[in-house]
Amino acid sequence: MDCPVLQKLTLLHCEGILPINFIAANLKCLHQRCLEMTSEDSLVGFKNLTEFSYWLSSEPEMQTEIPNVVKVFTNLCKIEKVYIAYHFIKYLAAGGSPNRLPYPLAYLKTLSISYMCFSRLSDASCLLCLIRSAPNLCKLNILAMVVGEKEDFNDCWDEDYEECTVDHLEIVTFSNFKGHKAELEFVKFLLAHSPSPRCLKHLKDPFNAFDYGPWAEYYV
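Residues numbered from 1 in each chain as written. Predicted model: local features only at pLDDT ≥ 70, side-chain atom pairs only at ≥ 80, totals over all residues. Heavy atoms only, no water.

## Quick notes on helix H3 (residues 121-132)
(1) Moving on: Here H3 contains 12 residues, and its C-alpha end-to-end distance of 16 Å stays within 8% of the 16 Å for a straight helix at 1.5 Å per residue.
(2) Moving on: With 9 of its 12 residues buried, H3 lies for the most part within the structure.
(3) Moving on: Of all the residues in H3, the buried ones are Asp-123, Ala-124, Cys-126, Leu-127, Leu-128, Cys-129, Leu-130, Ile-131 and Arg-132.
(4) Moving on: Of the surrounding secondary structure, the elements contacted by the buried residues of H3 are helix H1 (68-73), strand S4 (81-86), helix H2 (88-93), strand S5 (110-116), strand S6 (139-144) and helix H4 (181-193). (Helix = DSSP H or I, 4+ residues; strand = E, 2+ residues; numbered from the N terminus. Expected span 1.5 Å × (residues − 1). Buried < 20%, exposed > 50% of the residue type's maximum accessible area, 1.4 Å probe, protein only. Contact = heavy atoms within 4.5 Å.)

Structure representation (structure tokens):
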């Protein structure tokens, strides 16, 4: 199906309607909420997307030959805003994360991740990959999730061997942080690599003012 004038698309639990089933060369905004993520999901052909969000409701499959973060973001060369919800960060982390993506996310200004687990090295490495790959990132929102797993963040935040400077980062919002060591190491990393953040906020109530983007109404 060819949809040349389509610019915004929202799919809520439409597992049978995948982006690969149609051509939308001018699509700018894509929001998806799905129960599961399959290998058939692809963003190939959506090179003009500027805003992308994905809410994954269930645990994803973790076995993949190519890192999912590479498969997803390689096609989003013009992306400006990304909203990652629930298990989608875990999906992106599957297959491991490189230090940087093959191509920089030069236009990415806003990155919002809800239910980020800093105690999982795979999740933290994926976040670090995205930060390194977005040299012009201005706004970062993180809603933390605490799970009963042993912290294994070593060699991630505290031993960042690759140069990483987030020169344009102005606003950082932390929500639901409990002061765990992995969370504090992430804060230290940002302070060390961001020359002049204009505003750092910690929200005790994750439902108060966190930027959920297109999914805000579903958290109320």
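## Side note on the packing of aromatic side chains
(1) Moving on: Applying the stated criterion across every chain yields a total of 10 aromatic pairs.
(2) Moving on: Between Phe-88 and Tyr-91, the ring centres sit 5.6 Å apart and the planes meet at 10°, which makes this aromatic pair stacked. Here Phe-88 pairs with Tyr-91, and both are found in helix H2, just 3 residues apart, close to one helical turn. In this pair, the class of Phe-88 matches that of Tyr-91, namely buried.
(3) Moving on: Between Phe-174 and Phe-177, the ring centres sit 5.0 Å apart and the planes meet at 45°, which makes this aromatic pair tilted.
(4) Moving on: An aromatic cluster is built from Phe-52, Tyr-54, Phe-88 and Tyr-91, whose rings are joined through pairwise contacts.
(5) Moving on: Lying over the aromatic face of Trp-55, Arg-33 brings its terminal NZ or CZ to 3.9 Å of the ring centre. (Phe/Tyr/Trp six-rings, centres within 6.5 Å; stacked < 30°, edge-to-face > 60°. Lys NZ or Arg CZ within 6 Å of the ring centre and 35° of its normal.)

By themselves, these observations are geometric and do not establish any function.
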